[in-house]
Every structure is written in structure tokens, then in C-alpha cells.
Amino acid sequence: MFNFIPLVLADSQQLVIATNTLVTEEGKVRIHLTLQNNGQRTLYDVQPMVHFHHTMAMMSKIVQLEAGQEIILENDDHPPVLRSGRYPLIIMTQYKTYLHMKPYTHIHTGSFYFREEVESAINGKISTTLNGNESLLDIFLKNNSASFKNIRLMLLLPPGLVADELVQMMGITIRGGQEKNIKVAVKRQKGSPAVIYPVHLLVEYGEMLNHYTGDISGEVDFRSIQERTAIIPALGAILVLIGAILLRSYFRTSNHSTFSRQ
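Calculation rules
Residues numbered from 1 in each chain as written. Predicted model: local features only at pLDDT ≥ 70, side-chain atom pairs only at ≥ 80, totals over all residues. Heavy atoms only, no water. Core = buried A, V, L, I, M, F, W, Y, C linked by side-chain atoms within 4.5 Å. Buried < 20%, exposed > 50% of the residue type's maximum accessible area, 1.4 Å probe, protein only. Helix = DSSP H or I, 4+ residues; strand = E, 2+ residues; numbered from the N terminus. Polar contact = N/O pair within 3.5 Å; in protein donor to acceptor, adjacent residues only side chain to side chain. Contact = heavy atoms within 4.5 Å. Pairing = 2+ DSSP bridges. Axes fitted to C-alpha atoms, helices over the stretch in contact; angles between N-to-C directions. Salt bridge = Lys/Arg side-chain N within 4 Å of Asp/Glu carboxyl O.

**Some details on the nonpolar core**
(1) Moving on: Counting residues in hydrophobic clusters, the biggest one holds 28 residues, and the most contacted among them are Ile139, Leu141, Ile151, Leu153, Val184 and Leu201.
(2) Moving on: Secondary-structure elements contributing two or more residues to this core are β9 (122–131), β10 (134–143), β11 (149–156), β12 (161–163), β13 (170–174), β14 (179–188), β15 (196–207) and β16 (210–221).
(3) Moving on: With five residues, β15 is the largest single contributor of residues to this core.
(4) Moving on: Counting 22 residues, the second largest nonpolar core, distinct from the first, contains Leu15, Leu35, Ile91 and Phe112.

Right, here's the structure in full:
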């Protein structure tokens, strides 16, 4: 049990993702995606998916990504953007650290501007409550402007999770200064592991000739109470060990200084 949690944390940081987006004056978008294996083990079946402006494009699968290896992929399989403003860019990537195991899911969030830099007036957060194989997402939204906004929401879930709401684009109106809560039940599919899953909510609206977008990230922890609390004594033991090493080093240095003066 103590080995399981550090393994998940280490592997979640093993794949490093970066994007570079080029936009023409006509609104045509070209995305350069960099995938780097920052760990010490080979990654297998690395499959990136690009979510952008209501579309999803599956990119080429990388059978093996060796330790330290870096690969650049290119994607332009999206409709052109028409309105000035900010657009979100979500890269959802599945990969394995061993061939015969359930894949991890890595979500990289980014954005780019077209013609004009504008900021969304809508912000929020996602909190979760676990109930067996189901988790309730409590989504908080606030309109920080004085005018009402007709916004559109879409919930991006990694493979292994399903929901009945917000997985398709949904529109709501939020008046100026108003706050809103939306609750969405998320479930694990049969056979999906009880681990931490990232979730991502896209929030966008149009106003005049501009396009505004924001994104809210959260995570759903399906681990058991025992697995979630196991990291506390494990970290405690590590801190005690570090303290003992530092104390031992201190006494060695102190004794060496005493003998030198004698």
C-alpha cells in the first residue's frame, strides 16, 4: 500500500507536454505538440487527443517513448476560428508505464489568442464528494462583470469516467455579479481503476465580435480511505529519516570542528 501512492505521483509527472500554436490572419490553426518522457522508464502506447473549439482530433499513437526521448507532432485538423479572443486548448493523453496495465491519463491545459487578447469574466472552481463508485462534482461559477452572460459549458472527462450531464455542450445564463452552482454525478466505468482522475470544465461565451473562454480544473479521487491516508505515515517516516540524516551530519561536523581546534 505504501508503494502504490508514490508510484502514481511519480508517473503522473513522467510525461511532459508542451504546445505551440500558430494562427493565420484567416483564423486557420496549426498546433505543434511536444511530448517528452522525463522519467527513467519507457512509456508505451502514448495516445494524445486534442480538444479544441468543440472538436476532438485523435493524433498518431506513439508505440514507445523512451526515457529522455522527445517527439513533436503536428495537428491542423480543426475548423478555423472566426471571432477575436482567447481559445482553450486541451491535450488529453493516455499512456502506459507497462504494456499490460491500465493506462494513465494526463491532461494538459493551454490557450491561445486570435487577433485580440481578451479575458473571460466567468471564473469558478470544482469540489467533489465521493460516494462509492460515484462522485458528485459541485461546480461553482461566478459572473464578475456587471452584465449578463450567455455561457456554454462542456465537461471533459478522461477515459474510464462517465457522466449524464455536461458531456455535451450546455448553455446557461448568468446575470451580472451572480453566482451559480451546478451538480454533476460522475461514475467509474466497469473495470476502471480506483485512482485519481483529472476533470476539466470549458466555459465560453461570445460578446459582440469577441470570443471569451475560461477553464476550470479539478480532480476526482476514487481511492479508498485507507489508500488516501496511507501517504501521511509514509511522508512522516520520510521526514523522520531526513531529520535523522541531518542530525547525524550535524554531529559529525561538530565533532570534526572540535578535534580540529584541539
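**Notes on the side chain of Asp221**
(1) Moving on: Here Asp221 is to be found in strand β16.
(2) Moving on: Here Arg223 takes part through its side chain, which lies 2.9 Å from a polar atom of the side chain of Asp221.
(3) Moving on: With sequence-adjacent residues up to four places away left out, Asp221 is seen in contact with Leu130, Val195, Ile196 and Arg228.

**Description of the sheet that holds strand β1 (residues 15–23)**
(1) Moving on: An order of β1-β2-β6 is seen for the three strands of this open sheet, with the pairing classed as antiparallel. Lying at the two open borders of the sheet, with one neighbouring strand each, are β1 and β6 (70–75). Between one strand axis and the next, the sheet turns by 20° as a mean value, whatever way the strands run.

**Here's the deal with the pattern of salt bridges**
(1) Moving on: A full pass over the atoms with the stated rule returns eight salt bridges.
(2) Moving on: The residue Glu74 makes a salt bridge to Arg30 at a minimum N-O spacing of 2.5 Å. With Glu74 in strand β6 and Arg30 in strand β2 (residues 29–37), the pair connects residues that are 44 residues apart, well separated along the chain.
(3) Moving on: Its relative accessible area of 32% is what places Arg30 among the partly exposed residues.

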